[in-house]
Amino acid sequence: MSATVYLIPTVLHEGATQCLPAYLLDAIKACRVFYVENERTARRFLKSIWKEMVIDDYGWHNMKELTSELRTVFLRDLQAGHTVGILSEAGCPGVADPGQLLVHLAQGEGALVKPLVGPSSILLALMASGMNGQQFRFNGYLPIEAGERQKAIRALESDSRKNNCTEIFIETPYRNNQLLEVLLKTCAPQTLICVAVDLTGPQESVQTKTPAQWRASLPELHKRPAIFLLFAAG
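Here the structure is a predicted model, which is why all the values come from computation and not from measurement.

Undergrad: What am I meant to see in the pattern of salt bridges here?
TA: Where side chains of opposite charge bring their charged atoms close, a pairing between them can arise. Applying the stated criterion across every chain yields a total of 8 salt bridges. Here R43 makes a salt bridge to E39, at a shortest N to O gap of 2.7 Å. Here the residue R43 and the residue E39 both occupy positions in helix α2 (residues 39-49), the gap between them amounting to 4 residues, near one helical turn. Taking the relative accessible area as the measure of exposure, E39 reaches 28% and is therefore partly exposed.

Undergrad: Explanation requested: the layout of surface pockets in the structure shown.
TA: Any empty space left between atoms is shown by rolling a water-sized probe over those atoms. By volume, the largest pocket amounts to about 1,000 Å³. Every element with two or more residues in the lining of the largest pocket is listed here: α2, α5 (121-129), β6 (136-141) and β10 (226-231). If you tally residues by element for the lining of the largest pocket, the top one is α2, at 5 residues. In terms of residue class, the lining of the largest pocket is made up of 19 nonpolar, 11 polar and 7 charged.

Undergrad: Which parts of the structure should I look at to understand the domain arrangement of the chain?
TA: Reports often express the size of an interface as the amount of accessible area lost when the parts come together. Domain boundaries assigned for the chain yield domain 1 (4-115) and domain 2 (121-231). Each of domain 1 and domain 2 has a C-alpha centre, and the two are 30 Å apart. Here domain 1 meets domain 2 over a buried area of about 560 Å², counting both sides, of which 75% is carbon and sulfur. Its largest share of buried area at the contact with domain 2, domain 1 owes to L12, H13 and A96, together 75% of the area lost on that side. There are 0 salt bridges connecting domain 1 and domain 2.

Undergrad: Hey, could you run me through the sheet that holds β6 in this one?
TA: Remark on secondary structure: sheet strands pair via backbone hydrogen bonds, oriented parallel or antiparallel. What the 5 strands build is an open sheet, ordered β6-β7-β10-β8-β9; its pairing is mixed. In this open sheet, the two strands that pair with only one neighbour each are β6 and β9 (205-209). If you compare each strand with its neighbour and ignore which way they point, the axes differ by 15 degrees on average. Pairing of strand β8 (residues 192-197) with β9, which is carried by 5 bridges, proceeds in the antiparallel orientation. In the strand pairing of β9, V197 is matched with S205. Helix-sheet contacts for helix α6 (residues 146-163) involve β6, β7 (166-170) and β10, and the interaxial angle to β10 is about 50 degrees. Helix α7 (residues 176-186) rests against β7, β8 and β10 of the sheet, and its axis sits at about 10 degrees to β10.

Undergrad: Help me understand the UniProt feature "domain: Tetrapyrrole methylase" (unreviewed entry) in the chain, please; the structure alone is not making it clear to me.
TA: UniProt's feature table lists "domain: Tetrapyrrole methylase" (unreviewed entry) at residues 25-208, given in the numbering used throughout. Structurally, residues 25-208 is divided into 42% helix and 21% strand, and its ends, taken at the C-alpha atoms, are 36 Å apart.

Undergrad: Got a minute to help me understand the packing of aromatic side chains in this structure?
TA: Aromatic ring pairs are reported here in terms of the distance separating the ring centres and the angle at which the planes meet. Across all of its chains, the model carries 5 aromatic pairs by this definition. A centroid spacing of 6.3 Å and a plane angle of 70 degrees characterise the contact between W50 and Y58, whose relative ring orientation is edge-to-face. Plain terms: the ring middles of F169 and F228 are 6.2 Å apart, the flat faces sit at 5 degrees to each other, and that makes the pair stacked. With a gap of 59 residues between them, F169 in strand β7 and F228 in strand β10 connect regions that are remote in the sequence. You'll find F169 and F228 in the same group, each marked buried. Among the aromatic residues, those joined into a cluster by ring pairs are F34, W50, Y58 and W60.

Undergrad: Can you walk me through the sheet that holds strand β1 (residues 4-8) in this structure?
TA: Spatially, β3-β2-β4-β1-β5 is the arrangement adopted by the 5 strands of the open sheet, whose pairing is parallel. The open sheet terminates on both sides in strands that have one partner only, identified here as β3 (59-62) and β5 (112-115). On average, adjacent strands in this sheet sit at an angle of 20 degrees to one another, irrespective of strand direction. Pairing analysis gives 4 bridges linking strand β2 (residues 33-36) to strand β4 (residues 83-87), with the strands arranged parallel. Paired with V33 across the bridge in β4 is V84. Across the face of the sheet, α2 comes into contact with β2, β3 and β4 while running at roughly 135 degrees to β3. In the packing of helix α3 (residues 68-79) onto the sheet, the strands contacted are β1, β2, β3 and β4, and the crossing angle to β2 comes to about 145 degrees.

Undergrad: Got a minute to help me understand the nonpolar core in this structure?
TA: For soluble globular proteins, the rule of thumb is that nonpolar side chains tend to be buried together. Core analysis: the largest hydrophobic core is formed by 20 residues, its most contacted members being I8, I28, F34, L46, M53, W60 and L87. One finds L183, V195, L230 and A232 within the second-largest nonpolar core, a separate group that totals 19 residues.

Parameters at a glance
- Residues numbered from 1 in each chain as written.
- Predicted model: local features only at pLDDT ≥ 70, side-chain atom pairs only at ≥ 80, totals over all residues.
- Heavy atoms only, no water.
- Salt bridge = Lys/Arg side-chain N within 4 Å of Asp/Glu carboxyl O.
- Helix = DSSP H or I, 4+ residues; strand = E, 2+ residues; numbered from the N terminus.
- Buried < 20%, exposed > 50% of the residue type's maximum accessible area, 1.4 Å probe, protein only.
- 1 Å grid on protein atoms, 1.4 Å probe; cavity = no way out; pocket = protein on both sides within 12 Å on 5 of 7 lines; lining within 4 Å.
- Points joined across faces, edges and corners; volume = space filled by probe spheres on them.
- Nonpolar A, V, L, I, M, F, W, Y, C, P; charged D, E, K, R; others polar.
- Domains from an automatic or database assignment.
- Buried area = accessible area lost by both parts, 1.4 Å probe.
- Pairing = 2+ DSSP bridges.
- Axes fitted to C-alpha atoms, helices over the stretch in contact; angles between N-to-C directions.
- Contact = heavy atoms within 4.5 Å.
- UniProt positions renumbered as here; feature names shortened; annotations may be inferred.
- Phe/Tyr/Trp six-rings, centres within 6.5 Å; stacked < 30°, edge-to-face > 60°.
- Core = buried A, V, L, I, M, F, W, Y, C linked by side-chain atoms within 4.5 Å.

Written out as structure tokens, the structure is:
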């Protein structure tokens with residue numbers, strides 16, 4: 001019997017379940033075992049959309065690191081024909097997420113991999129930024145060291161200008177303010193910078209401005225989930 005692997009999206013903002021499609025519940029109920037980035041928050045999330053769920057009836061595995069033991073267990077579930085759910089900590093599994101490694105294994109085993117619709121901070125921010133949605137690149141985290149970070153920003157700005165490309169990147173929430181400060185110091189006056197914060201939450205904000213416009217009204221981003229976009233072309 002062929003295994004099925006559901007890629008189950010989770011909320012970007014706690015409690016924002018209105019962003020999830022109703023058919024998600026059917027997929028969750030079909031699963032026998034879950035591979036998750038954080039077991040505690042994954043259980044809480046699933047209980048929030050299916051209050052009758054009996055947590056102990058399911059297998060639970062932490063996928064944050066693909067150890068040889070985890071790989072063996074996952075392949076065993078696939079070979080047994082189980083229906084498996086993969087959950088990210090926030091957003092869509094497999095996108096800027098360790099779930100990609102399990103999906104790679106599932107594809108190699110010929111399992112039926114079913115991605116399910118849900119919120120992605122990358123796409124939501126891009127949609128609302130007004131930047132180029134035809135050519136864009138997600139760059140993950142920028143370097144922490146100040147000199148290397150400025151060098152990376154200049155490289156992204158140059159690439160955006162040369163290739164008409166929107167550059168997207170993220171930061172640990174407690175360093176958001178510092179990242180915005182470096183962006184404003186480093187980027188050219190005409191470069192557009194978008195900051196998307198608290199996506200799908202009650203304090204959601206997506207704004208695209210030049211460095212000078214941002215300096216006139218700096219937002220407080222400390223410990224708020226945010227994603228940054230840069231566009232230097234045009």
